[in-house]
Amino acid sequence: DQQVKQNSPSLSVQEGRISILNCDYTNSMFDYFLWYKKYPAEGPTFLISISSIKDKNEDGRFTVFLNKSAKHLSLHIVPSQPGDSAVYFCAASGDGANSKLTFGKGITLSVRP
Amino acid sequence: DTGVSQDPRHKITKRGQNVTFRCDPISELNRLYWYRQTLGQGPEFLTYFQNEAQLEKSRLLSDRFSAERPKGSFSTLEIQRTEQGDSAMYLCASSSTGRSNQPQHFGDGTRLSIL
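As a further point, take the overall build of chain B. Scanning chain B from N- to C-terminus turns up 0 helices and 11 strands. What you see in chain B, going N to C, is helices and strands ordered as β-β-β-β-β-β-β-β-β-β-β. The C-alpha atoms of chain B give 14 Å as radius of gyration, which agrees with the globular expectation for 115 residues (13 Å, within 12%). Dimensions along the principal axes, computed over C-alpha positions, put chain B at roughly 45 × 25 × 25 Å. Classification of the 115 residues of chain B by burial places 45% in the buried group. Considering only residue pairs separated by 6 or more positions, chain B has 53% of its internal contacts joining residues 24 or more positions apart. As presented, chain B carries roughly 6100 Å² of accessible surface, and 42% of it is formed by carbon and sulfur atoms. Taking the average location of the 15 positive side-chain charges in chain B and that of its 13 negative ones, the two points are 3 Å from each other.

What follows is the structure, given as structure tokens:
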């Protein structure tokens, strides 16, 4: 039973264009959502997060959108750069003591020069 | 570097042997988490500590697995009588408690290979 789903295993975009990475969840108790980036042989690196009380959070080239009614979030990267090529994981948690992260399977992003 | 440190980075062992991994978290962050990641999957939660107290364990954590965090500092994860299915990347993460949600910061993991 996958509570966090990243249905597209890969995405390829041209340098300078927008990358849109999607994520769906099923557990309505989740109230904190995060995106992590992972290079081979390294641990996941925190990128950006959003609380369920917001619908948008922006940090530089990265923006996360949350649609609670649809149980859907997306990560926008604008403009995409070759160094953004990595695996991106969507993750979710509850609040307080229920802080463990539930991850999706990840999306491999390739940014073509 | 004041990030999460894990040791060893790689461990190769024969089936049936015991292995122990160590995690040194970010010192000022009081929560420590263990996850396991297999090929093609996202990390899966195993257990977490707040200071020295182990607050939650996943059902993935069989009786062969044990984790400790003495004195609320570093943590160890031990696997007894390893099996082929234990081959995975074992990740440790740090976060803090507080009024608002806090992201978890991961180490580079220990890759375990069972022969």
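Resuming the write-up.
Now for the overall build of chain A. Helix and strand content of chain A: 0 helices and 11 strands. When the elements of chain A are put in sequence order from the N terminus, they spell out β-β-β-β-β-β-β-β-β-β-β. Over its C-alpha atoms chain A spans a radius of gyration of 13 Å, differing by no more than 12% from the 13 Å that the globule rule assigns to 113 residues. Seen through its C-alpha atoms, chain A measures out along the principal axes to roughly 40 × 30 × 20 Å. In chain A, the proportion of contacts linking residues at least 24 apart, taken out of those at least 6 apart, comes to 54%.

Let's shift gears to the sheet that holds strand 8 (residues 75-79) of chain B. Residue and element names in this part refer to chain B. One open sheet holds the 4 strands; their spatial order is 1-3-8-7, and the pairing between them is antiparallel. The open sheet has two edge strands with one neighbour each: strand 1 (5-7) and strand 7 (65-68). In this sheet, adjacent strand axes meet at a mean angle of 15 degrees when their direction is disregarded. For strand 3 (residues 19-24) and strand 8, the ladder comprises 5 bridges, and the chain directions are antiparallel. Pairing of Arg22 across the sheet is with Thr76, part of strand 8.

A few words now on the interface of chain A and chain B. Put simply, an interface is often sized by how much accessible area is lost when its parts join up. Taken together, the 21 residues of chain A in the interface contact 21 residues of chain B. Our enumeration of links across chain A and chain B arrives at 1 salt bridge. In this structure, B:Glu56 engages A:Lys100 in a salt bridge whose closest nitrogen and oxygen atoms are separated by 2.8 Å. Our count for the chain A to chain B interface comes out at 8 residue pairs in polar contact (both at pLDDT 80 or more). Here the element with the most residues in the side of chain A that touches chain B is strand 4 (residues 32-38) of chain A; it accounts for 4 residues. Here the residues of the side of chain A that touches chain B sort into 10 nonpolar, 5 polar and 6 charged.

On to the sheet that holds strand 8 (residues 72-77) of chain A. All names here are of chain A. Spatially, 1-3-8-7-6 is the arrangement adopted by the 5 strands of the open sheet, whose pairing is antiparallel. At either end of the open sheet lies a strand with only one pairing partner, and these are strand 1 (4-5) and strand 6 (56-59). With 6 bridges connecting them, strand 7 (residues 62-67) and strand 8 associate as antiparallel partners. Residue Phe65 lies in a different strand from strand 8, and its bridge partner there is Ser74.

As a further point, take the state of the cysteines. Residues and elements named next belong to chain A. The final tally for this structure, using the stated rule, is 2 disulfides over all chains. Two residues, Cys23 and Cys90, share a disulfide whose sulfurs are 2.0 Å apart. Between Cys23 and Cys90, the S-S torsion sits near -75 degrees, and that sign places the bridge as left-handed. You can see Cys23 sitting in strand 3 (residues 19-25) and its partner Cys90 sitting in strand 9 (residues 86-93), a full 67 residues away along the chain.

For B:Phe106, the position within the fold is in strand 10 (residues 105-106). A relative accessible area of 10% places B:Phe106 in the buried class. Among residues more than four places away in sequence, those in contact with B:Phe106 are A:Tyr36, A:Pro44, A:Leu101, A:Phe103, B:Val4, B:Tyr35, B:Leu91, B:Cys92 and B:Ala93.

Criteria and thresholds
- Residues numbered from 1 in each chain as written.
- Chains lettered and ligands numbered in written order.
- Predicted model: local features only at pLDDT ≥ 70, side-chain atom pairs only at ≥ 80, totals over all residues.
- Heavy atoms only, no water.
- Helix = DSSP H or I, 4+ residues; strand = E, 2+ residues; numbered from the N terminus.
- Rg over C-alpha atoms; globule rule 2.2 N^0.38 Å.
- Buried < 20%, exposed > 50% of the residue type's maximum accessible area, 1.4 Å probe, protein only.
- Contact = heavy atoms within 4.5 Å.
- Areas by Shrake-Rupley, 256 points an atom, 1.4 Å probe, with all protein chains shown as cover.
- Lys, Arg positive; Asp, Glu negative; His and termini not counted.
- Charge placed at Lys NZ, Arg CZ, Asp CG, Glu CD.
- Pairing = 2+ DSSP bridges.
- Axes fitted to C-alpha atoms, helices over the stretch in contact; angles between N-to-C directions.
- Salt bridge = Lys/Arg side-chain N within 4 Å of Asp/Glu carboxyl O.
- Polar contact = N/O pair within 3.5 Å; in protein donor to acceptor, adjacent residues only side chain to side chain.
- Nonpolar A, V, L, I, M, F, W, Y, C, P; charged D, E, K, R; others polar.
- Disulfide = S-S within 2.5 Å.

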